Amino acid sequence: MMGVQGSSIVVVLGLLLNVAVLCNGGKTSTFVRKVEKTVDMPLDSDVFQAPPGYNAPQQVHITQGDLVGKAVIVSWVTVDEPGSSTVLYWSENSKQKKQAKGKFVTYRFYNYTSGYIHHSTIRNLKFNTKYYYEVGIGNTTRQFWFITPPESGPDVPYTFGLIGDLGQSYDSNRTLTHYEKNTQKGETVLFVGDLSYADNYPNHDNVRWDTWGRFVERSVAYQPWIWTAGNHEIDFAPELGETKPFKPYTHRYHVPYKASESTQPFWYSIKRASAYIIVLASYSAYGKYTPQYKWLEEELPKVNRTETPWLIVLMHSPWYNSYNYHYMEGETMRVMYEPWFVKYKVDVVFAGHVHAYERSERVSNIAYNVVNGICTPIKDQSAPVYITIGDGGNLEGLATNMTEPQPDYSAYREASFGHAIFDIKNRTHAYYSWHRNQDGFSVEADTLWFFNRYWHQIDDSKIG
Ligand SMILES: [Fe+2]
């Protein structure tokens, strides 16, 4: 038993510790999620059901198909026979159906053989127009729709959703539902990597790539998801004779990398409304002289902030992460590219990988070299905000263990599942909000008014 004196010492120590934590960095949320295991939905779950009908197209998904947003890549899988790779499409105002021809691929992974994976790019679409499309021509057809983005321009409002490390657990389903029901309607998802987590199953059971495709169809058949490759896309399994990295991912998910003169589908860029989005590859070579390095070096000067004021970067492994999970895994890429991000005034960097949420202050850490030993991040108004949004809810569970005390660069961190919305209002302002799954559909757990780095270089404003 502890005496009165002993317990008051504990209280005083506790208070001191608290003050120390508060003084040292930003906010570590006091929200504590009920401890429960994150488990995958079983194979017979309704969200995994294949659509009825002979050779019915399943796992339908779309993404941007060119640099500017006038093309859409439509992908789907048929299982009984190849069937047609053609997409029929027509705009809301016209009943004249047009055709976009595509191709299908198949692949084997250990003892798994894929279905027929179709990819068809619809081109020359009009901006800001609703289109209907139909796949499965000749057998069971299914119809969906999408809305093309407005033409790029500095003050074009647009709303992005942010999801990462989704997987296919009950929590993943909650995250997706929360995103769909959010009253700030996301028009495109920026997905920061780690899709299905099929590689966590024996023999990387690729059936879990199929179930994931059926699970997310309810969103990604209607709005583009912009893909980033994570470590769970590598599927490198020499013990199974599978030595070609990214095999399932690259067969299933196509991206318009050639439109931005990239030579690999793992790094590329697109323009969408008032945003310029650069996708980087944490798991492809990025050192000096590599294709990715040369590409990024030439890409950043091309960004015209008068046309697309918002410069957004997506990657999987975060550069600024104060959790004890994956600590400093992004460090070598940060050392290579961070000076460019500051020079070109990137607005925000979204990453995943760590299964929790964290938002940084505007900081940089570019003064370091081996001789001077300066290695502490400093406040920098030309630097991006770094946001870790790897909290989609996959079967690996939450990252709850944080470095203490919270470092100065970390503005807010919380171990909960959720998603975020980046809502661009005009060239100077964007409203950002993070939503945890435990709250009602429109509750904002963390918010920030972003002031554009190019047009308006003052500190962002915290609301709430
Ligand atoms: Fe990851």
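Since the model is a prediction, treat every value here as computed from it, not as a measurement.

Conventions used here
Residues numbered from 1 in each chain as written. Predicted model: local features only at pLDDT ≥ 70, side-chain atom pairs only at ≥ 80, totals over all residues. Heavy atoms only, no water. UniProt positions renumbered as here; feature names shortened; annotations may be inferred. Helix = DSSP H or I, 4+ residues; strand = E, 2+ residues; numbered from the N terminus. Pairing = 2+ DSSP bridges. Expected span 1.5 Å × (residues − 1). Bend = angle between axes of the 7 residues up to and from the residue. Buried < 20%, exposed > 50% of the residue type's maximum accessible area, 1.4 Å probe, protein only. Donors = N, O, S within 2.8 Å, 3.2 Å for Na, K, Ca; no water. Tetrahedral: all angles 85-135°; square planar, octahedral: opposite > 155°, others 65-115°. Phe/Tyr/Trp six-rings, centres within 6.5 Å; stacked < 30°, edge-to-face > 60°. Right-handed = clockwise from strand over helix to strand, strands pointing away.

A closer look at the UniProt feature "domain: Calcineurin-like phosphoesterase" (unreviewed entry) in the protein
As recorded in UniProt, the feature "domain: Calcineurin-like phosphoesterase" (unreviewed entry) lies at residues 159–357. Here residues 159–357 is 27% helix and 16% strand, with 20 Å between the C-alpha atoms at its ends.

Some remarks on the sheet that holds strand E23 (residues 410–414)
The strand order across the open sheet formed by 8 strands is E1-E23-E19-E22-E18-E17-E16-E15, and the pairing between neighbours is mixed. Edge positions in the open sheet fall to strand E1 (27–28) and strand E15 (268–272), since each of these has one partner strand only. In the sheet, strand E19 (residues 357–360) pairs with E23 via 4 bridges, with the strands oriented antiparallel. In the sheet register, glutamate 358 faces E23, and the bridge partner there is arginine 413.

Comments concerning helix H3 (residues 207–220)
The terminal C-alpha atoms of H3, which comprises 14 residues, lie 19 Å apart, in line with the 20 Å expected from a rise of 1.5 Å per residue. The sharpest bend along H3 reaches about 30 degrees and sits at arginine 214. With 12 of its 14 residues buried, H3 lies for the most part within the structure. Along H3, the positions that sit buried rather than exposed are Arg208, Trp209, Asp210, Thr211, Trp212, Gly213, Arg214, Phe215, Val216, Glu217, Ser219 and Val220.

Some words on the sheet that holds strand E13 (residues 188–191)
Strand order in the open sheet formed by 6 strands is E14-E13-E12-E24-E25-E26, and the pairing between neighbours is mixed. Both outer strands of the open sheet, strand E14 (225–226) and strand E26 (446–451), are each paired with one neighbouring strand and no more.

Thoughts on the coordination of the iron ion
Of the protein atoms, only Asp194 (OD), Asn231 (OD1), His316 (NE2) and His353 (ND1) coordinate the iron ion, at distances of 2.1 to 2.2 Å. Classification of the site at the iron ion rests on its 4 donor atoms, whose angles at the metal span 87 to 169 degrees, yielding the label irregular. Sequence spacing of the donor residues for the iron ion, all on one chain, is D-x36-N-x84-H-x36-H. Here the residue histidine 316 occupies a position in the loop between strand E17 (310–314) and helix H6 (331–343), and histidine 353 occupies one in the loop between strand E18 (348–351) and E19, the gap between them amounting to 37 residues. Accessibility assignment for this pair places histidine 316 and histidine 353 in one class, buried.

Here's the deal with the packing of aromatic side chains
Within this structure, the stated rule accounts for 39 aromatic pairs. Pairing tyrosine 286 with tyrosine 337 gives two aromatic rings, centres 6.4 Å apart and planes at 65 degrees, and the pair type is edge-to-face. You can see tyrosine 286 sitting in the loop between strand E16 (275–279) and helix H5 (291–299) and its partner tyrosine 337 sitting in helix H6, a full 51 residues away along the chain. Note on tyrosine 286: relative accessible area 17%, which makes it buried. Residue tyrosine 337 is classed as buried on the basis of its relative accessible area of 0%.

Focus on the pairing of E18
It is a general feature of regular strands that their side chains alternate between the two faces of the sheet. Here E18 shows a buried face lined by Val348 and Phe350 and a second buried face lined by Val349 and Ala351. Where E17 and E18 come together, 3 bridges link them in parallel fashion. Looking across to E18, one finds that isoleucine 312 is bridged to valine 348. The β-α-β motif built from E17, the intervening H6 and the parallel element E18 has right-handed crossover chirality. By the bridge criterion, 4 bridges tie E18 to strand E22 (residues 385–389) in an arrangement that is parallel. Bridge pairing links phenylalanine 350 to isoleucine 387 in E22.

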